[in-house]
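Each chain, letter by letter, is given below.
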Amino acid sequence: MERSLEQRYAIKFCVRLGKNATETFQMLQKAFKDDCISRSQSGKWQKAFKEGREEVADEPRSGRPTTARNDENVDRVLEVLRTDRRLSIQQIADTLLVHMSTFVVHGIVTEDLQMRKVCAKLVQKVLTQDQKELRVLRCQESLDLIQNEPDFLNSVVTGDESWMFEYDPESKRQSCAWHTKSSPRPKKARMSKSRIKTMIIVFFDIRGIVHCEFVPQEQNVNSAFYVEECIGEWQNCLGKMTSMDECLSLNLRTWDTESISCTEDLPYICVNDGFDPEPIKTKNETAVNIHLNLVSVYGEGCMSIQMVRRWRSWFLEGRQNVHDDERSDRPVTATDNAAVAAVRNVVEANRRVTIDEIMIRLSPGIEIGCSSIGTIMSDVLNLN
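Residues numbered from 1 in each chain as written. Predicted model: local features only at pLDDT ≥ 70, side-chain atom pairs only at ≥ 80, totals over all residues. Heavy atoms only, no water.

Engineer: Would you mind going over helix α10 (residues 287-298) with me for this structure?
Structural biologist: The periodicity of an α-helix, 3.6 residues per turn, causes residues three or four positions apart to be oriented the same way. Taking 1.5 Å per residue as the helical rise, α10 with its 12 residues ought to reach 16 Å, and the 16 Å between its terminal C-alpha atoms agrees with that figure. Among the residues of α10, those classed as buried are Ala 287, Ile 290, His 291, Leu 294 and Tyr 298. The arc enclosing the buried residues of α10, seen along the axis, measures out at 100°, which places them on a common side. Across α10 from its buried face, at more than 90 degrees, point the exposed residues Leu 292 and Ser 296. (Helix = DSSP H or I, 4+ residues; strand = E, 2+ residues; numbered from the N terminus. Expected span 1.5 Å × (residues − 1). Buried < 20%, exposed > 50% of the residue type's maximum accessible area, 1.4 Å probe, protein only. Arc of directions from axis to C-beta.)

Engineer: When you look at the pattern of salt bridges in this model, what are you seeing that I'm missing?
Structural biologist: Pairing of side chains with opposite charge becomes possible as their charged atoms draw close. The tally for this structure, following the rule as stated, stands at nine salt bridges. In this structure, the salt-bridge partner of Lys 12 is Glu 54, at a minimum N-O distance of 3.0 Å. Of this pair, Lys 12 sits in helix α1 (residues 2-17) while Glu 54 is found in the loop between α3 (39-50) and α4 (71-83), placing the two residues 42 residues apart along the sequence. Looking at Glu 54, the relative accessible area reads 48%, which means it is partly exposed. One network of salt bridges, in which partners are shared, links Lys 12, Arg 16 and Glu 54. (Salt bridge = Lys/Arg side-chain N within 4 Å of Asp/Glu carboxyl O.)

Engineer: Help me out: how do you make sense of the side chain of Arg 310 in this one?
Structural biologist: Looking at where Arg 310 falls in the secondary structure, it is placed in helix α11 (residues 305-316). Since its relative accessible area comes to 1%, Arg 310 is described here as buried.

Engineer: Honestly, the pairing of strand β3 (residues 208-214) in this entry has me stumped. Any pointers?
Structural biologist: The side chains of a regular strand alternate, first on one face of the sheet and then on the other. As defined by bridge partners, strand β2 (residues 197-205) adjoins β3 across six bridges and the pair is classed as antiparallel. Bridge pairing links Ile 200 to Phe 214 in β3. With antiparallel pairing between neighbouring strands as the criterion, β2 and β3 make up a hairpin whose turn holds two residues. (Pairing = 2+ DSSP bridges.)

Engineer: Would you mind going over α11 with me for this structure?
Structural biologist: When the terminal C-alpha atoms of α11 are compared, their 16 Å separation across 12 residues agrees well with the 16 Å that a helix rising 1.5 Å per residue should span. Of the positions making up α11, those classed as buried are Ile 305, Val 308, Arg 310, Trp 311, Ser 313, Trp 314 and Phe 315. At the C-terminal side of α11, Gly 318 shows a positive phi close to 110°.

Engineer: Can you walk me through the nonpolar core in this structure?
Structural biologist: Within soluble globular proteins, side chains that are nonpolar tend to cluster in buried spots. Judged by nonpolar contacts, the single largest core of 18 residues is most densely connected at Val 343, Ile 358, Leu 362, Ile 368 and Met 377. For this core, the elements supplying multiple residues, two or more each, are α12 (337-349), α13 (355-361) and α14 (370-380). The dominant element in this core, judged by the number of residues it contributes, is α12, at six residues. In this view, Ile 358 contacts Trp 178, Val 343, Val 346, Val 347, Val 353, Ile 373 and Met 377; residues no more than four positions away in its chain are not counted. Counting 15 residues, the second largest nonpolar core, distinct from the first, contains Val 74, Leu 87, Val 109 and Leu 113. (Core = buried A, V, L, I, M, F, W, Y, C linked by side-chain atoms within 4.5 Å. Contact = heavy atoms within 4.5 Å.)

Right, dumping it as structure tokens:
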């Protein structure tokens, strides 16, 4: 609008200089180039200023009132939407017997009817009201049990089903590898998901996986299958179940797992970061579970999850010493040749390793954090 007003002032100036319409338009083209108004608009304002007009702004107009957005058409659009709420604006306009543009239909739907299109929310299961009330009741019973028996969850076994495919295509994130700036970008062919799959049912408790069962092809998985095929085969190994019918309805099974014991002589993992060494048997536990156990004992003073991963890796490799290795007084820094060489060796062995994995695989004498490893990777080794 401002550029248009500027050109109108220029036309008014040319009129006072005695220029004709052609000369005025040529001067506008030379001055404003692509933003120049059309020749017809230039001639229109040229004529108006010659006839004595002084104002360069448009005259106020009442505007043509809309006739399509009336109560009758609003009712028609509402009636169409009641038959099918998934129709698009174009489909609504095509369905109406009265011709209306998509712009008018959109205005009626969004402004007059105050409606908007909302996608359905994905949930695990669509439950009835009775099922919802039953789940609330069972959850409240579980909360009461936990309050009365703090160790109640230690004797709970639950399970779930999952599909296992013949192979899982490697994701784009999994194919990331460390390269220098001059290295060509790697390429890989797109793979589709495996069509060969089987269902597995896994039962687990607070300690880990208790039992897994592969489901035969074309087998219906229901409560009868759980009782006859899954639970019946290994119930004697786990103990006596407290409430079969009640637990099956919740997909929650409660067992007496005190009879389960781990006889494997596995390594220990210890806390030696300012605490007395207190070994905890790993029992093939993941680093996350070990870290959760340490947090429950030591609280905020517990070592980080990265340190737990590192010590767990060392103990699984056969380390017995729980104390730090002797080091010189001068701490290892990111620019030391030893640290750089250690990081380079880990990366050359596997270029898809992450920063956390590099820190875990470093030798015991090299203890540097993730930030220092990132500095070595980017600034010293020039890898990204």
